[in-house]
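Letter by letter, the chains look like this.
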Amino acid sequence: GKHPTNSMSQAATIMYCKWLYTQTGVFYRLPTEAEWEYACRAGGTTAFGYGDDPVALAQHAYFKDNSGGKFHKVGQLKPNKWGLYDILGNLSEWTLDQYDPNAYEKLAENVKNPVAPPGPRYPRVVRGGNYLSESKESRCGNRVSAVSSWNQRDPQIPKSRWWLTDGMTVGFRLVRPEQQPSKDDIEKFFAQYLK
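The notes below deal with the structure included here. What you are looking at is a predicted structure, and each value in this text was computed from that prediction instead of being measured.

Rules used throughout
Residues numbered from 1 in each chain as written. Predicted model: local features only at pLDDT ≥ 70, side-chain atom pairs only at ≥ 80, totals over all residues. Heavy atoms only, no water. Helix = DSSP H or I, 4+ residues; strand = E, 2+ residues; numbered from the N terminus. Rg over C-alpha atoms; globule rule 2.2 N^0.38 Å. Contact = heavy atoms within 4.5 Å. Areas by Shrake-Rupley, 256 points an atom, 1.4 Å probe, with all protein chains shown as cover. Lys, Arg positive; Asp, Glu negative; His and termini not counted. Charge placed at Lys NZ, Arg CZ, Asp CG, Glu CD. Core = buried A, V, L, I, M, F, W, Y, C linked by side-chain atoms within 4.5 Å. Buried < 20%, exposed > 50% of the residue type's maximum accessible area, 1.4 Å probe, protein only. Pairing = 2+ DSSP bridges. Axes fitted to C-alpha atoms, helices over the stretch in contact; angles between N-to-C directions.

## Structural notes on the overall build of the chain
Across its full length, the chain holds four helices and four strands. Reading the chain from its N terminus to its C terminus gives the helix and strand order α-α-β-α-β-β-β-α. In terms of overall dimensions, the chain is globule-like: its C-alpha atoms have a radius of gyration of 16 Å, near the 16 Å expected for 195 residues. Once the C-alpha set of the chain is aligned to its principal axes, its extents read approximately 45 × 45 × 35 Å. For the chain, the proportion of contacts with a sequence separation of at least 24, taken over those separated by at least 6, is 72%. Entry remark: accessible area of the chain is about 10,600 Å², with carbon and sulfur atoms responsible for 54%. Across the chain, 25 positive and 20 negative side-chain charges occur, with their mean positions spaced 5 Å apart.

This is how it looks when you write it as structure tokens:
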């Protein structure tokens, strides 16, 4: 019904990518943080992807002030300059990266599409803000660390790695690399991220 998919863990979204690959023969994955931010900014440098005016955010994103405390169907508000709907607000989106609060300081100069490889399940990075976020959290540069409390009410022991009982504000967006990786590289990718 055009609603975004929510409450899935990062592992579940990557497993979905693996299933999609087996069905279509085309490799999809989560974006890196760098790819996500570049797409959000639509190649520009503004705070919100459409510009720097926080008042206009309500025209582009569902956040605390205009969401009514729930997520909405995709594509009801204005897209960014590249035509991407709901990249800010509505649901926060998984990236491939392990969260490191000092990630930007550790970047080598002129590195292209950096990614912090996976480590422990928490913390991983989500971006974009969501329907419960303040406007200042719903901007292209805001980084959020996933936390284990997003799975707090899961009755399973051990806690599920596939769904988030209390992570209803988290969703995902997929990318398809222009240059498809080799079958071996695809298998290595899934082995690395689904261990």
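The structure having been displayed, the exposition proceeds.
## Thoughts on the nonpolar core
Within the largest apolar cluster, 17 residues are counted, with the highest numbers of intra-cluster contacts made by Ile14, Trp94, Trp150, Phe189 and Phe190. Put simply, the parts of the chain that give this core at least two residues each are helix H1 (10-24), strand E1 (92-98) and helix H4 (183-193). With four residues, the top contributor of residues to this core is H4. The residues touching phenylalanine 190, leaving out its near neighbours within four places in the chain, are Ile14, Cys17, Lys18, Tyr21, Phe27 and Tyr28.

## Notes on the sheet that holds strand E2 (residues 124-127)
In sheet architecture, strand pairing relies on hydrogen bonds along the backbone and comes in two forms, parallel and antiparallel. The four strands lie next to each other as E3-E2-E1-E4, forming an open sheet whose pairing is mixed. Of all the strands in the sheet, just strand E3 (143-145) and strand E4 (170-171) have a single pairing partner and so form its edges. By the bridge criterion, three bridges tie E2 to E3 in an arrangement that is antiparallel. Counted as the bridge partner of valine 126 is valine 144 from E3. Set on the sheet, H1 makes contact with E1 and E2; between it and E1 the angle comes to about 85°.

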